[in-house]
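Residue strings, one per chain:
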Number of protein chains: 4
Amino acid sequence: MNITVWNENVHERTEEHVREHYPDGIHGALAAALAGVGSVTTATQEQPSHGLPPEVLDRTDVLTWWGHAAHDEVDDAVVDRVQAAVLGGMGLVVLHSGHFAKIFKRLLGTSCTLRWRNEGERELVWTVAPSHPIAEGVPQPIVIESQEMYGEHFDIPAPDELVFVSSFAGGEVFRGGCCFRRGRGRIFYFSPGDQDYPVYHHPDIRRVIANAVRWAAPVGGRHPVPDASMSPRGWFG
Amino acid sequence: MNITVWNENVHERTEEHVREHYPDGIHGALAAALAGVGSVTTATQEQPSHGLPPEVLDRTDVLTWWGHAAHDEVDDAVVDRVQAAVLGGMGLVVLHSGHFAKIFKRLLGTSCTLRWRNEGERELVWTVAPSHPIAEGVPQPIVIESQEMYGEHFDIPAPDELVFVSSFAGGEVFRGGCCFRRGRGRIFYFSPGDQDYPVYHHPDIRRVIANAVRWAAPVGGRHPVPDASMSPRGWFG
Amino acid sequence: MNITVWNENVHERTEEHVREHYPDGIHGALAAALAGVGSVTTATQEQPSHGLPPEVLDRTDVLTWWGHAAHDEVDDAVVDRVQAAVLGGMGLVVLHSGHFAKIFKRLLGTSCTLRWRNEGERELVWTVAPSHPIAEGVPQPIVIESQEMYGEHFDIPAPDELVFVSSFAGGEVFRGGCCFRRGRGRIFYFSPGDQDYPVYHHPDIRRVIANAVRWAAPVGGRHPVPDASMSPRGWFG
Amino acid sequence: MNITVWNENVHERTEEHVREHYPDGIHGALAAALAGVGSVTTATQEQPSHGLPPEVLDRTDVLTWWGHAAHDEVDDAVVDRVQAAVLGGMGLVVLHSGHFAKIFKRLLGTSCTLRWRNEGERELVWTVAPSHPIAEGVPQPIVIESQEMYGEHFDIPAPDELVFVSSFAGGEVFRGGCCFRRGRGRIFYFSPGDQDYPVYHHPDIRRVIANAVRWAAPVGGRHPVPDASMSPRGWFG
């Protein structure tokens, strides 16, 4: 499996405390987490075509997406390409603040807004679908000592499968592990993770992301986005 | 609309502190909460046929169900009748410990187990489907100062619509407001409420239950449970 | 309820045989079908702002959409406005070839492609959710003597509720009655109807569209598209 | 993977024309179709405990179920055991007339009725979820020359995933490929197949059933049916 880990890579270059958590960038931490799952390459926003030219997307089975500070600077042509790849079967794993990424809103059609508070409070990630492959081997609950709060209402379509629901020390809840299918592609949104906390070094979080990448891999290969097809009577023989 | 409020009515008759919360029984409190919604009658387990003979079910548009201590004593013939009524269009609103009622397990097919802890802790009820009619006029979140904890994993089929998710002071979460459709009938499960706490006097909880009863009312009237139908070619004209 | 019937209005102005079916335009036929449901106004693509300036959308409870020949000429600013209105609660009923409308693809995120064949063959519309309000009073099946074929695979997200499935004389099937919820808005896609056939004069089809408009009306009023909200700990009191 | 193929085995013993289609029984044909998927054993209704004593179910990963003439003679104790196994993770593939099996109705909670007509007409099986693993490698559509008709309305809960929809020469449609999850178990219902037609020798139908068995295999192993669990505050550490 070919995995492309995409990162905006802004905070890591501009904020010392983020660099301490992620000396190799968030993309570096995620690439390490996925080393056993497939062949991993990374791409970042500052690269030409944001590191996602057609030839990269064409050979990608699953793309992970992390962005926060520079969503608006993502080129619409790249968003078009990623959307086409997903509809044709490429898996997409959107992480944390990626809920506001153009590609996520494009695929879901909603505002993807939520409540938030960055006070380093405890997050508990509860499995509500214990036999889902993305929850395999995950403790009930996952305990993250210090996290940004994301709370409802999260303005997404009802997920095709709801896998995890988080609670926070302040009392909020969040549908933080959601599966969607769009076209032939599988999409998983997973809320834990932030540039301010070492969440992507947490072994259970890494396990979930690895499971999600495996789950999101295309079934039956990649396909072009279908076009409307005039089908004469009896075309199927 | 004809509403029948069904109650096991065991705790109220045997425990003084429950009687203090519910001097007219839990059924009395619920009947008061639903007075503006339709014509309400009550039925209790100790009555002949548990108060649910065919003629009562036949004229019931929506049945609410509360039980806890005596689920096993509910007659299977009554469960059969209630199931047939639901499949034919009668609405069913199952409350709190009714998650273990025979009729609920019969309609859902799963064990309906959950975690629990009775320590009077704060429950917050979060709306995750803000435009759902059952959430109309409900604050975000509903705050219940003192409640029994119900926690995941709740072993139910994925609900057709998830309306509310609760969190508890101890950190657990629970899918406490769930819509299911079975046959022509609409089923709503709502977890807040317990004999040990005055939850059914809470105005927001009463609002939700009233909304749920309105939502669960049959569309297009009641029907017999369908039978397999031999349909000769061209039967539809 | 305020209903706005939107029509591209191209075929009616350029093709005599379409004008014979729809002397008042497809919008005229739909407005007549909805006369008993609410206060109906019509809007067409050739009008300024396509007849959908903010003040029209602001007072619209449910918008119906028919387009075919000129999807690409719909102004993106109008699509943005309609999307915002839907996310805030406005209902949207998308008809037939509207499957390729910018607003439909925007809200669903997929290609919305399908098979088609225009040979005037019999379509049967089967109800698979008989207690759904959109199916109320509808015969099983609806028989349309002469129709364009729309066939699977229809590249949409799995609908939140599937109400109708059509079959065609040539053997194809189509998920032609699909409910989606996006933000606070309800969306219904209904496939029967075409400029070449008098389908919008068929009493059962008119019944379905009237039911759909009633179903899609906003619950709890219209709201602005939500924004991310920083929520200090304890904000809910 | 351990697969147990269960068959009522009544028609094959009593009707010559069925024996011609299935000289080794329907279970024999299905066992042959699944030979490459795992280790297959068969069990039939006339055996002690219907061939499904606890030790057989305990080692079964996926059970396939075919019955028609003798549903009522299946022992409730066996149904209880199979239900417990499914809730604990065992996969279940229910075939054709198995829609009326006690175990299917038990797990779904509805009447599972449908229309039918046995006139040997053409069935077309259309894929509506082309990237679903159960549809992998399957032509669009599958053509079955001669089949019993099963038509809507099929009284089941809305499936968690709808994979196939059939049409019949007479014009009916049927949701004939449906995924359900109950407890930890995956259930697939597949309608093609009948004792009167050699459908289980059709290579595409065999492909679907093999795919379904692979899909239904337990993720994360088998578990006992959960029980309610008193969870003291802070139990998760």
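For the structure, check the block above.
Residues numbered from 1 in each chain as written. Chains lettered and ligands numbered in written order. Predicted model: local features only at pLDDT ≥ 70, side-chain atom pairs only at ≥ 80, totals over all residues.

Visitor: So what exactly am I meant to see when it comes to the relation of the copies chain A and chain D here?
Guide: With an RMSD of 0.0 Å, the fit of chain A onto chain D corresponds to turning through 180° and sliding 0.0 Å along the axis. Within this description, the copies of the chain are treated as partners about a two-fold rotation axis. When C-alpha distances to the rotation axis are compared across chain A, the minimum falls at Asp 160 of chain A, with a value of 4.1 Å. Comparing contact sets, 100% of the residues at the interface of chain A also lie at the interface in chain D, consistent with an isologous, same-surface contact. (Least-squares fit on C-alpha atoms with pLDDT ≥ 70 in both. Contact = placed C-beta atoms within 7 Å.)

Visitor: Before we go on, may I ask you to explain the relation of the copies chain C and chain A in this structure?
Guide: Mapping between the two copies of the chain is achieved by a rotation about an axis and a shift along the axis. For the pair chain C and chain A, the superposition axis carries a translation of 0.0 Å, the fit reaches an RMSD of 0.0 Å, and the rotation angle comes to 180°. A shared interface surface links the copies, since 100% of the contact residues of chain C are contact residues in chain A too.

Visitor: For this particular structure, what's the right way to read helix α3 (residues 25-33) of chain D?
Guide: Restricting attention to buried positions, one finds in α3 of chain D the residues Gly 25, Ile 26, His 27, Ala 29, Leu 30 and Ala 33 of chain D. Elements in contact with the buried residues of α3 of chain D: β1 (2-7), α1 (11-14), β2 (39-44), β3 (62-66) and α7 (203-216) of chain D. (Buried ≥ 20, exposed ≤ 12 C-beta atoms within 10 Å, placed from the backbone. Helix = DSSP H or I, 4+ residues; strand = E, 2+ residues; numbered from the N terminus.)

Visitor: Teacher, can you tell me more about the pairing of β3 of chain D here?
Guide: When a strand is regular, its side chains alternate between the sheet's two faces. All names here are of chain D. The element β3 is extensively covered by neighbouring structure, given that five of its five residues are classed as buried. Both faces of β3 are covered, namely the face carrying Val 62, Thr 64 and Trp 66 and the face carrying Leu 63 and Trp 65. Sheet analysis places β1 next to β3, joined by five bridges and oriented parallel. Bridging from a neighbouring strand, Trp 6 pairs with Trp 65 of β3. One ladder, built from four bridges, connects β3 with strand β4 (residues 91-95); its direction is parallel. In the strand pairing of β4, Leu 63 is matched with Leu 92. Regarding the hand of the β-α-β motif, the stretch spanning β3, helix α5 (residues 76-87) and β4 is right-handed. (Pairing = 2+ DSSP bridges. Right-handed = clockwise from strand over helix to strand, strands pointing away.)

Visitor: What exactly am I supposed to notice about the interface of chain C and chain A here?
Guide: Interface size is commonly expressed as the accessible area that is lost once the parts come together. Contact with chain C, which involves 32 residues of that partner, is made by 32 residues of chain A. Those elements that place two or more of their residues in the side of chain C that touches chain A are α6 (102-108), β5 (115-127), β8 (173-182) and β10 (229-230) of chain C. In terms of residues, the side of chain C that touches chain A owes the most to one element, β5 of chain C, which gives four residues. Among the residues making up the side of chain C that touches chain A, the classes are represented as 12 nonpolar, 10 polar and 10 charged. Here strand β10 (residues 229-230) of chain A pairs with β5 of chain C via two bridges, running parallel. In the strand pairing of β5 of chain C, Ser 229 of chain A is matched with Arg 115 of chain C. (Nonpolar A, V, L, I, M, F, W, Y, C, P; charged D, E, K, R; others polar.)

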